[in-house]
Amino acid sequence: QVQLVESGGGLVQPGGSLRLSCAASGFTLNHIDIGWFRQAPGKEREGVSCGSSSGGRTYYADSVKGRFTISRDNAKDTVYLQMNSLNSEDTAVYYCAVGVCRELMREDEYGAWGQGTQVIVSS
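This one's a predicted model, so the numbers in the text were calculated from it and none came from an experiment.

A. Representation of the sheet that holds strand β1 (residues 3-7) within the structure. Strand order in the open sheet formed by four strands is β1-β3-β8-β7, and the pairing between neighbours is antiparallel. Across the chains shown, the open sheet's two edge strands, defined by having one partner strand only, are β1 and β7 (68-73). Neighbouring strand axes in the sheet, compared pairwise and without regard to direction, differ in orientation by 15° on average. Taken together, the five bridges between β1 and strand β3 (residues 18-25) define a ladder with antiparallel strand orientation. Within the sheet, the bridge partner assigned to L4 lies in β3 and is A24.

Spelled out as structure tokens, the structure:
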């Protein structure tokens, strides 16, 4: 079965850091683009970052640019989202998904969504 599992979320103080993991089972991430999305309470799901399996393309939403970094470890079939300088606006459930990595991330170009991991930024 194709499955993505997010982990690494939790409660963090403003200014703190978290590293989210997206682990694949049932397939390899070697040749697959992965995107990170998030959904805050009362808001629509939005694209955060994505990385292409080839071509070296990465994209970040303006709201996280300079603070978040996407990376992958193909040997572990895992994609990471390093989140630094977190603030309350980053509070959301974070999802990873398989799709097409481009500057303007579109939900309809992604599938095999994980179950999400919750990030709460609060003092």
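B. Just the nonpolar core, in detail. Membership of the largest hydrophobic core comes to 24 residues, with the highest contact counts inside it found for L4, W36, F68, L81, M83 and Y94. No other element matches β3, which puts four residues into this core. When neighbours within four sequence positions are excluded, L4 is seen to be in contact with C22, A23, A24, F27, L29, I34, C96, A97, V98, A112, G114 and Q115. With six residues, the next largest nonpolar core counts F37, A97, C101 and Y110 among its residues.

C. The state of the cysteines, seen in detail. Inspection of the entire model under this criterion finds two disulfides. For C50, the disulfide goes to C101, at an S-S distance of 2.2 Å. Of note, the bridge from C50 to C101 carries an S-S torsion of about 75° and is right-handed in sense. Of this pair, C50 sits in strand β5 (residues 46-51) while C101 sits in the loop between β9 (92-99) and β10 (110-111), and the two are 51 residues apart along the sequence. When sorted by exposure, C50 lands in the same class as C101, which is buried. Along the protein chain, the cysteines engaged in disulfide bonds are linked according to the scheme 1-3, 2-4 when indexed in sequence order.

Calculation notes
Residues numbered from 1 in each chain as written. Predicted model: local features only at pLDDT ≥ 70, side-chain atom pairs only at ≥ 80, totals over all residues. Heavy atoms only, no water. Pairing = 2+ DSSP bridges. Helix = DSSP H or I, 4+ residues; strand = E, 2+ residues; numbered from the N terminus. Axes fitted to C-alpha atoms, helices over the stretch in contact; angles between N-to-C directions. Core = buried A, V, L, I, M, F, W, Y, C linked by side-chain atoms within 4.5 Å. Buried < 20%, exposed > 50% of the residue type's maximum accessible area, 1.4 Å probe, protein only. Contact = heavy atoms within 4.5 Å. Disulfide = S-S within 2.5 Å.

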